[in-house]
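Each chain, letter by letter, is given below.
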2 protein chains.
Amino acid sequence: MDKELIATNLRNHHLKVTPQRLKIVESLNTFGHLNIDMLYQEVKEAYPNVSLATVYKNIAIMTENGLLEKVKLPESKSVFEIRKEPHLHLHCSKCGKIEDISFDTEQIRAHAEAVSGYSIQSSDIVLRGVCPACQTNAKK
Amino acid sequence: MDKELIATNLRNHHLKVTPQRLKIVESLNTFGHLNIDMLYQEVKEAYPNVSLATVYKNIAIMTENGLLEKVKLPESKSVFEIRKEPHLHLHCSKCGKIEDISFDTEQIRAHAEAVSGYSIQSSDIVLRGVCPACQTNAKK
DNA sequence: CTATAAACGATAATTTTTTTCCTTAAATAA
DNA sequence: TTATTTAAGGAAAAAAATTATCGTTTATAG
Ligand SMILES: [Mn+2]
Ligand SMILES: [Mn+2]
Ligand SMILES: [Zn+2]
Ligand SMILES: [Zn+2]
């Protein structure tokens, strides 16, 4: 995802293309999932006098417009990511790494709708565990 | 779950049995899932000069001891519940109702471990949708 | 009962998030 | 291009959420 595509996406939502916004999206494009502090640090590196409020305001408006998505994690701070296909998250309890996994949630949805009568619209799945690297390290 | 069982559980974790704690657990036992504000209101009704800090401290220590569990929801404030068998949550986007559903997550776990190499320890699943009551109301 | 340590309430302090307000700069049109 | 307009930025204050402190109360062990 290059700068021009990001800019186009912003314009499609009638959002101005500012350097701060580009940097936020580029950071997410590079690192995948970042919490508010990480995002602030990233943007600050490129624009030292960016305001934390600017980061808050931008992730809020970009999330409202469906460009970004917030992922709530059981034990740690929420992270943001660029919106894409629905997927589930693996969160390493040792190093905090977050990985995306594609998974068809149709069975879950069907089961849930059958037993509850709910009409399911979306699903949020976060699995907690130990990533391969941390497993290796632990085995010492 | 009656008062005596709650008291026993608390004592098993070397936590003193106080009226405020009993009320917190009883409220959760009655309503299922409550956020911090709801819990505070509940306890306040029985003990008008309870401190909000007491509620915070109690849910924290009871959660640390595995008596309670925190459930993070995509759009709204986190709720707490009495810890029980792992289960998934249905959250109505209209009325906010939260329902428990039992579901075997073995397939998800197996798939995730296979494709990622992670060793999965736990899973958090929240489905968002419209509950039966709200579907009926909508149909007007 | 008494002694002791945990828990309480009140309050302050911290942390997190949102709002305000004035300035700056991106978008649009002349 | 240049001018106009309007959204967005930065700084700061305000609000909201959470945690810590501290003197007092109370549950529990002996
Ligand atoms: Mn993701
Ligand atoms: Mn539940
Ligand atoms: Zn790891
Ligand atoms: Zn409903």
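Residues numbered from 1 in each chain as written. Chains lettered and ligands numbered in written order. Predicted model: local features only at pLDDT ≥ 70, side-chain atom pairs only at ≥ 80, totals over all residues. Heavy atoms only, no water.

### Some thoughts on the protein's contact with DNA strand D
Piece 1. What surrounds DNA strand D is a group of 18 residues, the closest being Thr-18, Gln-20, Arg-21 and Thr-54 of chain A together with Tyr-56 of chain B.
Piece 2. When the atoms of DNA strand D within 4 Å of the protein are sorted by group, sugar and phosphate make up 73%.
Piece 3. Residue assignment for the surface near DNA strand D shows that the elements contributing at least two residues are helix H2 (19-31) and helix H4 (52-64) of chain A together with helix H4 (52-64) of chain B.
Piece 4. No other element matches H4 of chain A, which puts four residues into the surface near DNA strand D.
Piece 5. Partitioning the surface near DNA strand D into residue classes produces six nonpolar, six polar and six charged. (Near = heavy atom within 4 Å. Helix = DSSP H or I, 4+ residues; strand = E, 2+ residues; numbered from the N terminus. Nonpolar A, V, L, I, M, F, W, Y, C, P; charged D, E, K, R; others polar.)

### Side note on the pairing of strand E6 (residues 119-130) of chain A
Piece 1. The pairing of strand E4 (residues 88-92) of chain A with E6 of chain A spans four bridges and is parallel. Counterpart to His-89 of chain A in the pairing with E6 of chain A is Val-126 of chain A. (Pairing = 2+ DSSP bridges.)

### Points about unusual backbone geometry
Piece 1. With a phi close to 60°, His-14 of chain A is a non-glycine residue in the positive phi region.
Piece 2. Within the element layout of this structure, His-14 of chain A appears in the loop between helix H1 (3-12) and H2.

### Describing the pattern of salt bridges
All names here are of chain A.
Piece 1. For the structure on display, the rule yields 10 salt bridges over all chains.
Piece 2. Between Glu-69 and Arg-83 there is a salt bridge; the shortest N-O distance is 3.9 Å. Here Glu-69 is found in strand E2 (residues 68-71), whereas its partner Arg-83 is found in the loop between strand E3 (79-82) and E4, with 14 residues between them in sequence. (Salt bridge = Lys/Arg side-chain N within 4 Å of Asp/Glu carboxyl O.)

### A closer look at the domain arrangement of chain A
Residues and elements named next belong to chain A.
Piece 1. Here chain A is described as being made up of domain 1 (1-84) and domain 2 (85-140).
Piece 2. Taking only C-alpha atoms, the centre of domain 1 and the centre of domain 2 are 23 Å apart.
Piece 3. Counting from both sides, the interface comprises 10 residues of domain 1 and, opposite them, nine residues of domain 2.
Piece 4. Carbon and sulfur atoms make up 63% of the surface buried where domain 1 meets domain 2, a total of about 830 Å² over both sides.
Piece 5. On the domain 1 side of the interface with domain 2, the three residues burying the most area are His-33, Leu-73 and Lys-84, jointly 54% of the side's total.
Piece 6. For the interface between domain 1 and domain 2, the tally reads one salt bridge. (Domains from an automatic or database assignment. Contact = heavy atoms within 4.5 Å. Buried area = accessible area lost by both parts, 1.4 Å probe.)

### As for the coordination of the manganese ion (ligand 2)
Residue and element names in this part refer to chain B.
Piece 1. The coordination sphere of the manganese ion (ligand 2), as far as protein atoms go, consists of His-33 (NE2), Glu-81 (OE), His-87 (NE2), His-89 (NE2) and Asp-100 (OD), spread over 2.1 to 2.3 Å.
Piece 2. Going along the chain, you hit the donors of the manganese ion (ligand 2) in the pattern H-x47-E-x5-H-x1-H-x10-D. In this structure, Glu-81 and His-87 share a single accessibility class: buried. (Donors = N, O, S within 2.8 Å, 3.2 Å for Na, K, Ca; no water. Buried < 20%, exposed > 50% of the residue type's maximum accessible area, 1.4 Å probe, protein only.)

### Quick look at the side chain of Ser-27 of chain B
Piece 1. You can see Ser-27 of chain B is positioned in helix H2 (residues 19-31).
Piece 2. Here Ser-27 of chain B is in contact with Gly-32, Leu-34, Leu-39 and Glu-42 of chain B, once residues within four sequence places are set aside.

### Side note on the protein's contact with DNA strand C
Piece 1. In the region of DNA strand C, 22 residues are neighbours, and Tyr-56 of chain A together with Thr-18, Gln-20, Arg-21 and Thr-54 of chain B sit closest.
Piece 2. For DNA strand C, the fraction of protein-proximal atoms (within 4 Å) that sit in sugar or phosphate groups is 73%.
Piece 3. Asn-49 of chain B is positioned with one of its backbone polar atoms (N or O) 3.4 Å from a phosphate oxygen of DNA strand C.
Piece 4. Take Ser-51 of chain B: an N or O atom from its main chain is 3.3 Å from a phosphate oxygen of DNA strand C.
Piece 5. For the surface near DNA strand C, the residue count by class is nine nonpolar, six polar and seven charged. (Polar contact = N/O pair within 3.5 Å; in protein donor to acceptor, adjacent residues only side chain to side chain.)

### Digging into the interface of chain A and chain B
Piece 1. Contact residues are listed per partner, giving 37 residues for chain A and 37 residues for chain B.
Piece 2. Together, the buried faces of chain A and chain B total about 3,000 Å²; carbon and sulfur atoms form 62% of this surface.
Piece 3. On inspection of chain A and its partner chain B, the count reaches zero salt bridges.
Piece 4. At the level of secondary structure, the elements contributing two or more residues to the side of chain A that touches chain B comprise E4, strand E5 (98-101), helix H5 (106-116), E6 and helix H6 (132-139) of chain A.
Piece 5. Broken down by class, the residue content of the side of chain A that touches chain B amounts to 19 nonpolar, 13 polar and five charged.
Piece 6. The pairing of E6 of chain A with strand E6 (residues 119-130) of chain B spans 11 bridges and is antiparallel. Each bridged residue has a counterpart across the sheet, and for Arg-128 of chain A the counterpart in E6 of chain B is Ser-122 of chain B.

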